[in-house]
Every structure is written in C-alpha cells, then in structure tokens.
Amino acid sequence: MVEMYTSDYCFYCKRAKALLDQLGAEVNEINIQHDPGLRVKMIERANGLRTVPQIFINNIHIGGCDELYYLHQQGKLEALLRGE
C-alpha cells in the first residue's frame, strides 16, 4: 500500500504519481492543502519534513519524489511495492 501526501498543483506530486501509476501501484493520495490536521500528521510521520510529496510504502517512509525515482533507478522500488 502506497500513501502519498500531496497538495494542489504540485509538480513533484504529479511526477511521483505518474511513476507509481506506470508500475501499477495502488496509491492512496492524501491532499494536505486544505486540512491543517493532515499536514501535522504528515510532518509527524515524515520526521519533521514539510514538503510534498511525502511517500510511504507499506508504512515505510520513502521520502519525496527524488528518493522515489532513486529507488526505481537502483531497481529497489518494485520489490518494495511487492512487500519484499
């Protein structure tokens, strides 16, 4: 399960979602734009990081878009998505 904290008009959110869609991952997008409580929860889960996207795969904090693409380039993302 992929959870991705996003906001409106976020280029990096769209880029991360596109990669996950390409890989067939089911993504639960959590838009924090208009809900301060969701933003607080994201910051807590992401160890103080405040930028979007913040991505969690199987409750493991991956980071943002750059970290997601880095995992993919290293061939580790698909295994993570499978829960390995």
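Notes on the structure in this doc start here. The structure presented is a predicted model; accordingly, all values stated were derived computationally and were not measured.

Criteria and thresholds
- Residues numbered from 1 in each chain as written.
- Predicted model: local features only at pLDDT ≥ 70, side-chain atom pairs only at ≥ 80, totals over all residues.
- Heavy atoms only, no water.
- Helix = DSSP H or I, 4+ residues; strand = E, 2+ residues; numbered from the N terminus.
- Contact = heavy atoms within 4.5 Å.
- Buried < 20%, exposed > 50% of the residue type's maximum accessible area, 1.4 Å probe, protein only.
- Axes fitted to C-alpha atoms, helices over the stretch in contact; angles between N-to-C directions.
- Parallel < 35°, antiparallel > 145°, perpendicular 65-115°, else oblique.
- Left-handed = near helix turned anticlockwise from the far one by under 90°.
- Pairing = 2+ DSSP bridges.

Focus: the environment of Glu26
Next up, step 1: Inspection of the secondary structure assignment puts Glu26 in the loop between α1 (11-22) and β2 (27-31).
Next up, step 2: In this structure the C-alpha to C-alpha distance between Glu26 and Met1, which are 25 residues apart in sequence, comes to 6.5 Å.
Next up, step 3: Every residue in contact with Glu26, bar those within four places of it in the chain, is listed here: Met1 and Val2.

Notes on the side chain of Ser7
Next up, step 1: On the secondary structure map, Ser7 appears in the loop between β1 (2-6) and α1.
Next up, step 2: Accessibility expressed as a relative area gives 17% for Ser7, which makes it buried.
Next up, step 3: Excluding residues within four positions of it along the chain, Ser7 makes contact with Cys13, Asn31, Gln33 and Val52.

What to know about the packing of α1 against helix α3 (residues 65-73)
Angle between the axes and distance between the axes are the two parameters that describe a pair of packed helices.
Next up, step 1: For the pair α1 and α3, the least separation of the axes is 9 Å and the interaxial angle reads 25 degrees. In terms of their interaxial angle, α1 and α3 are classed as roughly parallel. Taken as a pair, α1 and α3 cross one another with a handedness that is left-handed. Here α1 contributes Tyr12, Arg15, Ala16, Leu19 and Leu20 to the contact with α3, which in turn contributes Cys65, Asp66, Leu68, Tyr69 and His72.

Brief notes about the pairing of strand β3 (residues 54-57)
Next up, step 1: Of the two faces of β3, both are covered, the one formed by Gln54 and Phe56 as well as the one formed by Ile55 and Ile57.
Next up, step 2: Sheet analysis places β1 next to β3, joined by four bridges and oriented antiparallel. Residue pairing across strands places Glu3 opposite Phe56, the latter belonging to β3.
Next up, step 3: Where β3 lies against strand β4 (residues 60-63), three bridges are found, and the strand directions are antiparallel. When the bridges of β4 are listed, Ile55 appears paired with Gly63.

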